[in-house]
Amino acid sequence: MSYKVWASYFSATGTTERVVERIAQRTAEVLKAGKAETFDFTLPGARENVKEFSKGDLVIFGVPVYAGRVPNVLVKYLHTIKGNGALAVPVVCYGNRNFDDALIELRDILEEDGFLTIAGAAFIGEHSFSTILAAGRPDADDLQKADRFAEEVCAILPHLPQEHQPVKVEGEEPYRPYYVPRDRKGEKVNILKVKPKTNDDCINCGLCARVCPMGSISAENVREFIGICIKCGACVKKCPQHAKYYDDHNYLYHQRELELGFERRAEPVTFLSESMG
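Read on for a plain summary of the structure. (Residues numbered from 1 in each chain as written. Predicted model: local features only at pLDDT ≥ 70, side-chain atom pairs only at ≥ 80, totals over all residues. Heavy atoms only, no water.)

Notes on helix 4 (residues 140-156)
For helix 4, which comprises 17 residues, the first-to-last C-alpha distance of 25 Å matches the rise-based estimate of 24 Å (1.5 Å per residue) to within 8%. Where helix 4 is buried, its residues contact helix 1 (15-31), strand 4 (87-94), strand 6 (119-124) and strand 9 (269-272). The N-cap of helix 4, judged by a side-chain oxygen 3.2 Å from the amide nitrogen of Asp141 a few residues on, is Asp139. (Helix = DSSP H or I, 4+ residues; strand = E, 2+ residues; numbered from the N terminus. Expected span 1.5 Å × (residues − 1). Contact = heavy atoms within 4.5 Å. Polar contact = N/O pair within 3.5 Å; in protein donor to acceptor, adjacent residues only side chain to side chain.)

Considering the nonpolar core
Ranked by internal contacts, the top residues of the largest apolar core, which has 49 residues, are Phe41, Phe61, Leu78 and Val92. With 6 residues, helix 3 (residues 102-112) is the single largest residue contributor to this core. If we ignore the near neighbours within four places in the chain, the residues touching Val92 are Val63, Val65, Phe99, Ala102, Leu103, Leu106, Ala121, Ala122 and Phe123. Counting 24 residues, the second largest nonpolar core, distinct from the first, contains Ala28, Ile118, Ala146 and Ala150. (Core = buried A, V, L, I, M, F, W, Y, C linked by side-chain atoms within 4.5 Å. Buried < 20%, exposed > 50% of the residue type's maximum accessible area, 1.4 Å probe, protein only.)

Focus on the environment of Ala88
Within the secondary structure, Ala88 sits in strand 4. A residue is classified by how much of its surface remains accessible, and Ala88, at 0% relative accessible area, is buried. On a C-alpha basis, the gap between Ala88 and Val59 in space is 4.6 Å, while along the polypeptide they are 29 residues apart. Residue contacts for Ala88: discarding those within four places in its chain leaves Val59, Leu110, Phe115, Leu116, Thr117, Ile118 and Ala119.

Section: unusual backbone geometry
The step from Arg137 to Pro138 runs through a cis peptide bond, and the omega angle for that step is 5°. Structurally, Pro138 is set in the loop between strand 6 and helix 4. Of note, the amide linkage connecting Glu173 to Pro174 takes the cis form, showing an omega dihedral of 0°. Of note in this structure, Asn96 is not a glycine but carries a positive phi near 85°. Within the secondary structure, Asn96 sits in the loop between strand 4 and helix 3. A relative accessible area of 2% places Asn96 in the buried class. Positive phi is not limited to glycine here, since Asp100 has a value of about 45°. Counting through the fold element by element, Asp100 comes out in the loop between strand 4 and helix 3. In this structure Asp100 comes out as buried when scored by relative accessible area, which is 18%.

Some thoughts on the pattern of salt bridges
Using the criterion set out here, one finds 20 salt bridges in the structure. The partner of Arg107 in a salt bridge is Asp108, and the shortest N-O contact between them spans 2.8 Å. Each member of the pair, Arg107 together with Asp108, is buried. Arg256 is the salt-bridge partner of Glu259, the closest N and O atoms lying 3.5 Å from each other. In this pair, Glu259 and Arg256 both sit in helix 7 (residues 249-261), 3 residues apart, roughly one turn of the helix. (Salt bridge = Lys/Arg side-chain N within 4 Å of Asp/Glu carboxyl O.)

Brief notes about the packing of aromatic side chains
Inspection of every chain in the model, using the stated rule, returns 11 aromatic pairs. With a centroid separation of 5.6 Å and 40° between ring planes, the pair formed by Phe41 and Tyr77 is classed as tilted. Of this pair, Phe41 sits in the loop between strand 2 (37-40) and strand 3 (57-64) while Tyr77 sits in helix 2 (residues 72-78); the two residues are 36 residues apart in sequence, bridging distant segments of the chain. When sorted by exposure, Phe41 lands in the same class as Tyr77, which is buried. Here Tyr246 and Tyr251 contribute two aromatic rings whose centre-to-centre distance is 3.9 Å and whose plane-to-plane angle is 15°, an arrangement assigned as stacked. Summarising the burial analysis for this pair, Tyr246 and Tyr251 share the class buried. For the cation-ring pair, Lys51 lies above Phe39, with the distance from its terminal atom to the ring centre recorded as 5.2 Å. Arg69 extends its terminal NZ or CZ atom over the ring of Tyr178, reaching a point 4.4 Å from the ring centre. (Phe/Tyr/Trp six-rings, centres within 6.5 Å; stacked < 30°, edge-to-face > 60°. Lys NZ or Arg CZ within 6 Å of the ring centre and 35° of its normal.)

Remember that the coordinates give geometry; whether it matters functionally is a separate question.
Below, the structure written as structure tokens:
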């Protein structure tokens, strides 16, 4: 059977995009399926219409991990996507702490949407809060593992059982609550309402407004928020003037605790459906 390969993702700072595009690209190469198609739903405009896939599509489907889960701001939209029997490979990208229940949650969402999940993976990307935690990842070693994973996915395609079973992945059901940062006394560190500020280096280029996945930064006044901030890091990391920054005490405390507590190198993990031999 021939497949059309898709790279589908939400990727505010580009780490999930790099992983998913690499897996999709290598998958398409091995299957001699031409160039992989891309469905990037990071920006609000891409989420305005219903997206449908079909049988014959093989979708590498990626989201970042926020607080150990699929980002809650995406869940409603994700449930509008129609799989229509397409094969899917859920992929999550986390910032070196843990992916907790994000992968099993994404698998379940895709199954509920009508996809048939056949493999899954959790990769590591530079943390959205930091330039130290998992700095530069996915790196060359990660991308080589993405290639190998793609080849393994291709190898099982001819051997999938006729009766579909969702791929088995790490995670708990029911899902655990969203990860809540705590200080060293065990008290909750609340950063939900924290937003980045803008310093005098800003040249009003408007890039931050254009890359905000929530459309929450005013194009007329980039210092003004007109919607929620999910602390995805897009405006901070993509500003050419480095004019966006955080100065909230709780945010900076949590950032530092992550950098100190999770400096070990986490490695990607992959999962494949059991084949017929």
